Structures are given as C-alpha cells and as structure tokens.
Amino acid sequence: MQEYVKKQQNLCKRFGAEYYASPLDLRIGISEQLLNNNKVYPINGLRIVPEGNTTGWYIWGGEKEPSLDDNFFQPLCLTHIDYHCSDIIGYLGLSPGWRFLIAPNYEDVWFDSNLLNYQK
C-alpha cells in the first residue's frame, strides 16, 4: 500500500497535480478489454468526482472515447488492480478532473475541467 501511495505522490508532483487518494477498498470502472491483464493500448483514464464506494476513475483501452453503454465499464475493487491492469497504479493519485493516456514509450497527462461537472 505504501509503495502505491509513494508512486502516486511522485507522479502528482511531476505533473504539478494535487494528490487525491484512491483507497484500495473502493472501486474503479474498467473496460472489459483491460481485465485479466490484457494490454489494449493506449490505456486511457479519467477521474470524475467520486460518489459512494467509487474512486471516480474510469479506465479503458483503445483509441476512442469510452462507450456510453451502461455495461462498458465493469466495477473493480482496487485491491485487484495489480492483476488486471498494473500499468495504471501510479496515475490513481491524480485528483478529479485529471486524465491520462499511456502506451509503450508514451505518456500524456492533463487536466480537463469539464470532468468536474460530469454527473454519472
């Protein structure tokens, strides 16, 4: 756990972002194509304001924006993230409004204020 937090805090510092914890007992929404450690690049992530037992993170693979289909994202407790998509662990400390896109030898991280107004 401490290793995750340190990795996340370092990434936030690198991008000038506020650290915002993603507790391991909470959930993310992850697309099916990234489950079971499948590698569908690029890997995209965005964080809205968390509600209930979620972190506010939505993670998907591929070039396009995520589907609006209610079943596109599957809930995943962060205690299982190492097995399913360990590449994203460092980014999960970014606060709501942040996005990332990663692929081998590529990383883009940016703030999108529109995400702060998003209602799930």
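Scope of this entry: the structure provided in the associated data block.

Thresholds, definitions, all that
Residues numbered from 1 in each chain as written. Predicted model: local features only at pLDDT ≥ 70, side-chain atom pairs only at ≥ 80, totals over all residues. Heavy atoms only, no water. Helix = DSSP H or I, 4+ residues; strand = E, 2+ residues; numbered from the N terminus. Buried < 20%, exposed > 50% of the residue type's maximum accessible area, 1.4 Å probe, protein only. Contact = heavy atoms within 4.5 Å. Pairing = 2+ DSSP bridges. Axes fitted to C-alpha atoms, helices over the stretch in contact; angles between N-to-C directions. Phe/Tyr/Trp six-rings, centres within 6.5 Å; stacked < 30°, edge-to-face > 60°. 1 Å grid on protein atoms, 1.4 Å probe; cavity = no way out; pocket = protein on both sides within 12 Å on 5 of 7 lines; lining within 4 Å. Points joined across faces, edges and corners; volume = space filled by probe spheres on them. Nonpolar A, V, L, I, M, F, W, Y, C, P; charged D, E, K, R; others polar.

Overview of the environment of Tyr91
Along the chain, the position of Tyr91 falls in the loop between α2 (81-85) and β5 (98-103). Exposure remark for Tyr91: the relative accessible area of 8% places this residue in the buried category. For the pair Tyr91 and Val109, spaced 18 residues apart in sequence, the C-alpha separation works out to 8.8 Å. With near-sequence residues (within four places) excluded, Tyr91 lies in contact with Leu11, Trp57, Phe100, Ile102, Glu107 and Val109.

Considering the sheet that holds strand β4 (residues 73-77)
The strand order across the open sheet formed by 6 strands is β4-β1-β3-β2-β5-β6, and the pairing between neighbours is mixed. The two strands at the open ends of the sheet, each matched to only one other strand, are β4 and β6 (106-111). Shown here is a sheet whose adjacent strand axes are inclined to one another by a mean of 20°, direction ignored.

Structural notes on the packing of aromatic side chains
Enumeration according to the criterion identifies 6 aromatic pairs in this entry. Judged by centre distance (5.0 Å) and plane angle (70°), the rings of Tyr58 and Phe73 are edge-to-face. Linking Tyr58 in strand β3 (residues 54-61) with Phe73 in strand β4, this pair joins segments that are 15 residues apart in sequence. No difference in accessibility class separates Tyr58 from Phe73, as the two residues are buried. Chaining the aromatic ring pairs together yields one cluster made of Tyr58, Trp60, Phe72 and Phe73.

What to know about the layout of surface pockets
Estimated volume of the largest pocket: approximately 320 Å³. Looking at the largest pocket, it is lined by 15 residues, and the ones nearest its centre are Pro66, Ser67, Leu68, Phe73 and Tyr118. Residue classes in the lining of the largest pocket are distributed as 8 nonpolar, 2 polar and 5 charged.

Let's talk about unusual backbone geometry
Cis peptide bonds are those with omega within 30 degrees of zero, and the linkage from Tyr41 to Pro42 qualifies with -5°. Of note, Pro42 is situated in the loop between β1 (27-31) and β2 (43-47). The phi torsion at Asn105 lies on the positive side, around 65°, for a residue other than glycine. Positionally, Asn105 belongs in the loop between β5 and β6. Judged by its relative accessible area of 85%, Asn105 falls in the exposed class.

Topic: the pairing of β3
On a regular strand, each side chain points to the face opposite its neighbour's, so the side chains alternate between the two faces of the sheet. Burial of β3 is extensive: 7 of the 8 residues sit out of reach of the surface. Of the strand pairs in this sheet, β1 and β3 are connected by 3 bridges, and their pairing is parallel. Each bridged residue has a counterpart across the sheet, and for Gly29 the counterpart in β3 is Tyr58. Looking at chain direction, β2 and β3 are connected through 5 bridges and run antiparallel.

Such coordinate-based values are descriptive only and should not be taken to indicate function.
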